[in-house]
Structures are given as structure tokens and as C-alpha cells.
Amino acid sequence: MTALAASWLPLSPGERAVAIEVLVHGPLSRTELARRLGLSAGSLTRLTKPLIESGLLVETAEGTALPEVRQGRPSQPLDIVAESRTFVGFKITDDMVYAVVTTLRSEIVSRHDRPLPTHEPERVADLLAEMTAELARTHPSLAGIGIGVGGLVRRRAVVGESPFLSWRDVPLAELVEERTGLPVVVENDVAALVEAETWFGAGRGLDRFVVLTIGAGIGYGLVLGGRRVPYAEEDRGFGRHWIVDPSGPLTPDGERGSAVSLLSIPSIRYQVRAATGREVTYEEILTGAAEGEPMCARVVGEAGRALGILVAQIANFVMPQKILLAGEGVGLMAVAGEAVHEAVRARRHPLAAAVPLETKVSDFHDWARGAAVLAIRVLVLGTMEP
């Protein structure tokens, strides 16, 4: 761990509670902060003093100073010094590495991408170290690294299985730590995205929240009580067995009529190629559907209805306050949005509340940002169980 990171780590449980409250909801006056945490003025002073001295918190003049009646003086709001430490987030795909640098509040301040010429773990770690060194030249306050990988990750350190990279039991965190000298957190990429949206995005402040991603596969994340729910089969391809239409298409990846067979980008491309003999991109298929090309329109229409069924099933069982659609395949909503909403309405009770469905047009830098948020949570705030 670097000296910069160690200067204000580890946080005590009380300090951590203060830091999280200000990070997510700040700037906050001491009065409001004490009220939110159920602390006395003296206890709050004891907890905030080391955080201010270390440079993690700062008294700010922004906003209106609130009167402290007992002390007879205004209370300056406390805020996180978001730029005091920065974090690198990586998203690894089968052919590229996407990197971002974020502040403590997850604002992206830099991007850097490199082709991934090999899947050999040692060489991948070398590449991540090279990219980190390049980013450190302009961001010397780097305090940690987060890495998002499509696959099963154990102990936030070891990639147990990644079909996209053909990896098994790769100690990725250790490999990158050895090369960079920085602490590293590795996590499933969907889990990282869910954490980022829960803390700083569409799910902020919500008790029940779902993230559904469409892309190379189908990803699902559930938040209950404001916390992501981990599960044993995470990224083991649950979408391959989530049957949406038993008489639907059979593709090389997924059971007949499964969410993956109907909705994933490779499956949609496979269906059009099998019917027409032409190799077309996902974007070309969406454009063809919008222009009324029969085969593209049929496949995209079926995908839209499948997505609507999936959303309705999630809403019926989980009763979320919001469902966020994300991933590189969400362009489907722009073409088949009406089919999605019709399918949702058809499979919900007539008196059921409308499903709050939000679409996030995102790229792989959003996934990299999610990995950086994981690093912030684990390395700075220590808020996730092992």
C-alpha cells in the first residue's frame, strides 16, 4: 500500500460511518451529520478531527452556514476532498482494456484504453501495470486499483473462472499488486457496475433496486436494503437458463428461448446470420429493424418482447423501486421500446404500479468506473464483507 493511502487508513467504524455519510450525501453541517448518525457533538468532533487532519474531510464555505445554537457560532459544512485521492478502474474485455481515473466521488477525470493482444495472465498484468504507470504521471495521488472482469471472482482477488478470457484460478490482484505497488480489488464486472449505480447513480438512496445488463451476455444485480445481494452463481450464466419463451430460438449459447438466446448481442447476430447468410453488426441489425427490413425487424421485435417479459417477471417478484437497463446492448430500447412496454403491461396486474424503468446508454468506461467504485468502497471505506 502506498504512503498516500496509508496516511488515512484504516478508518475506525465510527470514522467510516462519518466518511460514508459525507461522501454520499455531503456537504453536511455537523448538526445534520450528528443527527443522521445519532451522535453527540463531542463524539462527532472526536471522529471528524482525524479525518480533517488527514485531508479526507474539509470544512467548506459552500452553501449556507447553519447556526449551532449551543456553541453560538456558525457550523461550516463538512465535505469530502474528492480530489485528495484518485483511483484507477479497469474493465477487461476479450480484446481491449478500458481504464478510467476517478475521484473519491467517482467522477471520471481521465480515460485510457489499450488493445489486449493476449489473454496470458502475466502479460495482462503487465499491460495493466503499464497503463497504471502512464496514468500515474498525470495523477500522482493514485491510491488503489479496481478491476472488473466478466466471470466468477473469489475473495475480490482471484478470477475463478472467466469464459471470455479462458481463465481459471488466476490470482489477478496479486499479479497486479506485485507490478504496481498499489492495493488491488478484483470483482465481477456486473457486481462492480451495480455497486457504482447504488452509491452514485440510478440506485442512490433506493431500498430495492435492480440492474439488468444486455450485451455479450445478460447480467443481473439485485439491491435490497440499499445493499447489493451477492449470490453463489454470480456470472455463472443464469440468463442461459432463465426461460422467457419455451418455443423461442435455439442458439449456440443458452437454452431454447432463454434470456441469452433472445437478448444477447451474439445471439441476435447469430439469428440474423442463420436466416440471411450475411454477417452483420448489432448496430446494423438495429438500423435495419428501424427501417423495416423484415428479418431484422422480426428478430429485434422478439428481443423487445423478451426483454419486456423479463422486466415484468423481475417486477412481479422483486417489486423494485427502479430497474436500470444498462450495457452495450441497450440500443434495443430505441428501436423496440414499445414492444418492451407492451410486454411488461401484458404480464402485470392491471392495477399494478408502472415499472420505473430507466435506460442508461453506456460504454465500457462506465464498467471501468464501477471497478473504481469497488476499490473506493473496499480500500477506503471497508464497507463490504469478504
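The rules behind these values
- Residues numbered from 1 in each chain as written.
- Predicted model: local features only at pLDDT ≥ 70, side-chain atom pairs only at ≥ 80, totals over all residues.
- Heavy atoms only, no water.
- Buried < 20%, exposed > 50% of the residue type's maximum accessible area, 1.4 Å probe, protein only.
- Helix = DSSP H or I, 4+ residues; strand = E, 2+ residues; numbered from the N terminus.
- Pairing = 2+ DSSP bridges.
- Contact = heavy atoms within 4.5 Å.
- Axes fitted to C-alpha atoms, helices over the stretch in contact; angles between N-to-C directions.
- Parallel < 35°, antiparallel > 145°, perpendicular 65-115°, else oblique.
- Nonpolar A, V, L, I, M, F, W, Y, C, P; charged D, E, K, R; others polar.
- Salt bridge = Lys/Arg side-chain N within 4 Å of Asp/Glu carboxyl O.
- pLDDT = per-residue confidence, 0-100.
- Phe/Tyr/Trp six-rings, centres within 6.5 Å; stacked < 30°, edge-to-face > 60°.

Caption draft 1: The pairing of strand β14 (residues 218-224), seen in detail. Along β14, six of the seven residues are buried, which leaves the element largely enclosed by surrounding structure. Here strand β13 (residues 208-214) runs beside β14; their pairing, made up of seven bridges, is antiparallel. Across the sheet, residue Arg208 finds its bridge partner in β14, namely Leu224. Connecting the antiparallel pair β13 and β14 is a turn made up of three residues. Pairing of β14 with strand β15 (residues 227-228), which is carried by two bridges, proceeds in the antiparallel orientation. Its bridge partner lying in β15, Val223 is registered against Arg228. Here β14 folds back onto β15, and the loop between the two strands holds two residues, one of which, Gly225, carries a positive phi near 65°.

Caption draft 2: Geometry of the environment of Gln271. Note on placement: Gln271 falls in helix α9 (residues 265-276). A sequence separation of 20 residues divides Gln271 from Thr251, and the C-alpha atoms of the two residues are 7.6 Å apart. Look past the residues within four positions of Gln271 in its chain and what remains in contact with it is Pro249, Thr251, Ser261, Leu262, Val299 and Glu302.

Caption draft 3: Geometry of the packing of helix α2 (residues 13-25) against helix α4 (residues 41-53). Packing of α2 against α4 brings their axes to within 9 Å, and their N-to-C directions diverge by 80°. Here α2 lies roughly perpendicular to α4, going by the angle between them. From α2, Gly14, Glu15, Val18 and Ala19 reach across to α4, where they touch Leu44, Leu47, Thr48, Pro50 and Leu51. Grouping the amino acids of the contact of α2 with α4 by side-chain chemistry returns six nonpolar, two polar and one charged.

Caption draft 4: Inspection of the sheet that holds strand β10 (residues 158-162) at higher detail. What the three strands build is an open sheet, ordered β9-β10-β11; its pairing is antiparallel. Of all strands in the sheet, those bounded by a partner on one side alone are β9 (152-154) and β11 (167-170). Strand-to-strand twist of the sheet, defined as the mean angle between neighbouring strand axes without regard to direction, takes the value 15°. Pairing analysis gives three bridges linking β9 to β10, with the strands arranged antiparallel. Note that in β10 the partner of Arg154 across the bridge is Val158.

Caption draft 5: Quick peek at the sheet that holds strand β8 (residues 142-149). Sheet architecture is open: five strands sit in the order β7-β6-β5-β8-β12, paired in mixed fashion. In the strand order of this sheet, the two ends are held by β7 (108-115) and β12 (184-188), each with one partner. Averaged over all neighbouring strand pairs, the angle between strand axes comes to 20°, with direction disregarded. Bridging between β8 and β12 involves five bridges; their strand directions are parallel. Its bridge partner lying in β12, Gly146 is registered against Val185.

Caption draft 6: Highlighting the pattern of salt bridges. Following the criterion strictly, the structure yields 26 salt bridges and no others. A salt bridge links Arg36 to Glu32, with the nearest nitrogen and oxygen atoms 2.9 Å apart. Linking Arg36 with Glu32, this pair stays in helix α3 (residues 30-37), spanning four residues, or about one helical turn. Residue classification places Arg36 among the partly exposed residues on the basis of a relative accessible area of 37%. Given the relative accessible area of 22%, Glu32 is considered partly exposed. For Arg168, the salt bridge identified is with Glu161, shortest N-O distance 3.6 Å. On the accessibility criterion, Arg168 (61% relative accessible area) is exposed. Judged by relative accessible area, which is 24%, Glu161 ranks as partly exposed.

Caption draft 7: Local environment of the confidence of the model for the chain. Averaged over all residues, the pLDDT of the chain is 86; the fraction at 70 or higher stands at 90%. In this model, residues 1-6 is a region of pLDDT below 50 whose contacts with residues beyond four sequence positions or in other chains number 11 contacts. Of the regions scoring below 50 in pLDDT, residues 63-73 engages in 14 contacts with residues more than four places distant in sequence or in other chains.

Caption draft 8: Region of interest: the packing of aromatic side chains. Following the criterion strictly, the structure yields three aromatic pairs and no others. Between Trp199 and Phe200, the aromatic rings sit 6.0 Å apart at their centres with planes inclined by 55°, giving tilted as the arrangement. Like Phe200, Trp199 is buried.

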